Amino acid sequence: MKTILSGITPSGKLHLGNYFGAIRQHIQMQEKGDAFYFIANYHSLTSINDGEQIRSNTYDIALDYLALGLDPEKCTFFLQSDVPQVVELTWILGTFTPVSKMEKGVAYKEKVDKGLSPNIGLFTYPILQAADILIYNSDLVPVGADQKQNLEICRDIAGTINHQYGEEVLKQPEPHIVESVAVVPGIDGQKMSKSYGNTINIFDEGKTLKKKVMSIETDSTPLDEPKDPESCNVFALIKLFADEEKKKEIAENYRAGGYGYGHAKKELLGMIEDYFAEARERRKKLAENMAYVHEVLAEGGRKARKRAEDVMKPLRRLTGIEQTFNVVDDIPSDEFTGA
Ligand code: ADP
Ligand code: TRP
């Protein structure tokens, strides 16, 4: 059975772009192998230095994923920080990674180009990500196209280490780039992204949701005139939710004239509400039972720590790094607040 792995950075509320570009595929893929999904809280520390914010984003994402259909019976769902060996592996990988390779990192270069001074965490972000992947002997890594470079770095580092020790101690994973979905536009027509402040969040509801949908930018074609659905942001979002028949019907309405953007927006609003209705209910119930969420993550963490040793033991042996204790004989933490 193939090991599938992906990480989600808790850097803000999840939006429709995240859902159609990543989360939906994560949830579908839990049926297709031994899936490991984790909340990449160490990664979020490269951009957020507010403990309360990272903590609350972490719980939000845990609730979101479980509400959207991630099933802890089918996959291992856990916190990156519950597998301390990942940080240990990051160090080892770093000693095999040329600085020049990291200097080509897209996220790092972007910061430098803006005249900002990136921290070492951002500089080595791809090495931490490589450790996340390699530590579970992952076969497939479903991610968005923006992660291609990080996956190449991961494969390269694994190749270097295997070559050095003459043994395939680290499995080189295959990227599974999710390209089937077009870029989801935000309410201003640019790519939906939390950094552009143009998102419709998956769990927005009531007035907030309505306000966002109603403020999607459109052109000023008058109501009675024909309109082109393919150049309309509202229609681009409708396409994500509607079945073929509904899409055809709405496109015909656009082209016929007498159908305004306001009509299309109302239709979209109803679709978003219906599509996530069950998940919304499930999320509310889950939020009242954080002890359950805690247990899911704790159990996921136990499994992941144990699995990590399958890679770390031979690697420690090969690299000559001795330890006098067994990491997996763990005791529960009383630090986890669950709030
Ligand atoms: P953001 O741009 O809001 O910071 P992230 O970079 O955290 O989002 O995105 C996590 C994943 O969600 C990405 O790797 C990508 O697969 C997907 N994603 C994000 N925004 C979009 C979008 N507008 N359209 C399609 N997929 C997206
Ligand atoms: N960098 C990824 C993102 O921004 C998140 C991530 C961290 C990840 N570790 C990973 C994704 C390991 C896949 C595998 O979306």
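Quick caveat: nothing in here was measured; it's all calculated off a predicted structure. (Residues numbered from 1 in each chain as written. Chains lettered and ligands numbered in written order. Predicted model: local features only at pLDDT ≥ 70, side-chain atom pairs only at ≥ 80, totals over all residues. Heavy atoms only, no water.)

Asker: Which parts of the structure should I look at to understand the overall build of the protein?
Answerer: From N to C terminus, the protein includes 15 helices and five strands. Its C-alpha radius of gyration of 22 Å places the protein within 12% of the 20 Å reference for a compact globule of 339 residues. By principal-axis analysis of the C-alpha atoms, the protein measures approximately 75 × 45 × 40 Å. The buried share of the protein, taken over its 339 residues, is 47%. The centroid of the 41 positive side-chain charges in the protein is displaced by 1 Å from the centroid of its 51 negative side-chain charges. (Helix = DSSP H or I, 4+ residues; strand = E, 2+ residues; numbered from the N terminus. Rg over C-alpha atoms; globule rule 2.2 N^0.38 Å. Buried < 20%, exposed > 50% of the residue type's maximum accessible area, 1.4 Å probe, protein only. Lys, Arg positive; Asp, Glu negative; His and termini not counted. Charge placed at Lys NZ, Arg CZ, Asp CG, Glu CD.)

Asker: Just checking my understanding: could you explain the pairing of strand 4 (residues 140-143) for this structure?
Answerer: Sheet faces and side chains relate simply in a regular strand, where the side chains alternate between the two faces. By the alternation rule, side chains of strand 4 split into L140 and P142 and V141 and V143, which are all buried. Direction of pairing for strand 4 relative to strand 5 (residues 174-177): parallel, over a ladder of four bridges. Paired with L140 across the two strands is E174, which belongs to strand 5. (Pairing = 2+ DSSP bridges.)

Asker: What exactly am I supposed to notice about the packing of helix 11 (residues 233-241) against helix 13 (residues 261-275) here?
Answerer: Where helix 11 meets helix 13, the closest approach of the two axes is 10 Å, and the angle between their N-to-C directions is 30 degrees. With respect to their mutual orientation, helix 11 and helix 13 come out roughly parallel. Between helix 11 and helix 13 lies a crossing whose hand is left-handed. Contacts between helix 11 and helix 13 involve V234, L237, I238 and F241 on the former and, on the latter, A264, K265, L268, M271, I272 and Y275. In the contact of helix 11 with helix 13, the residues fall into nine nonpolar, no polar and one charged. (Axes fitted to C-alpha atoms, helices over the stretch in contact; angles between N-to-C directions. Parallel < 35°, antiparallel > 145°, perpendicular 65-115°, else oblique. Left-handed = near helix turned anticlockwise from the far one by under 90°. Contact = heavy atoms within 4.5 Å. Nonpolar A, V, L, I, M, F, W, Y, C, P; charged D, E, K, R; others polar.)

Asker: Explain the site of ligand 2 to me, please; I cannot follow it from the model alone.
Answerer: Every one of the 14 residues lining ligand 2 counts as a neighbour, but H43, Y125, Q129, D132 and Q147 are closest to it. A distance of 2.9 Å is found between a nitrogen atom of ligand 2 and a side-chain nitrogen or oxygen belonging to Q129. Within the contact set of ligand 2, a nitrogen atom lies 3.0 Å away from a side-chain nitrogen or oxygen of Q147. In isolation ligand 2 exposes 370 Å². Once the protein is present, 86% of that is buried. Here the shell around ligand 2 gets four residues from one element, more than from any other, and that element is helix 8 (residues 125-134). (Near = heavy atom within 4 Å. Polar contact = N/O pair within 3.5 Å; in protein donor to acceptor, adjacent residues only side chain to side chain. Areas by Shrake-Rupley, 256 points an atom, 1.4 Å probe, with all protein chains shown as cover.)

Asker: In this structure, what is going on with helix 11? I would like to understand it.
Answerer: Side chains that are three or four residues apart share a direction in an α-helix, a result of its 3.6 residues per turn. What helix 11 keeps buried is the set N233, V234, F235, L237, I238 and F241. Its buried side turned inward, helix 11 meets helix 1 (16-29), helix 12 (244-256) and helix 13.

Asker: Looking at this structure, I do not really get the site of ligand 1. What am I missing?
Answerer: Around ligand 1 sit 13 residues, and of these H15, V184, M192, S193 and K194 come closest. Between ligand 1 and the protein, one listed contact pairs an oxygen atom with a side-chain N or O atom of H15 at 2.7 Å. Starting from 540 Å² of accessible surface for ligand 1 in isolation, the protein chains cover 79%. The residue inventory of the shell around ligand 1, partitioned by class, reads four nonpolar, six polar and three charged.

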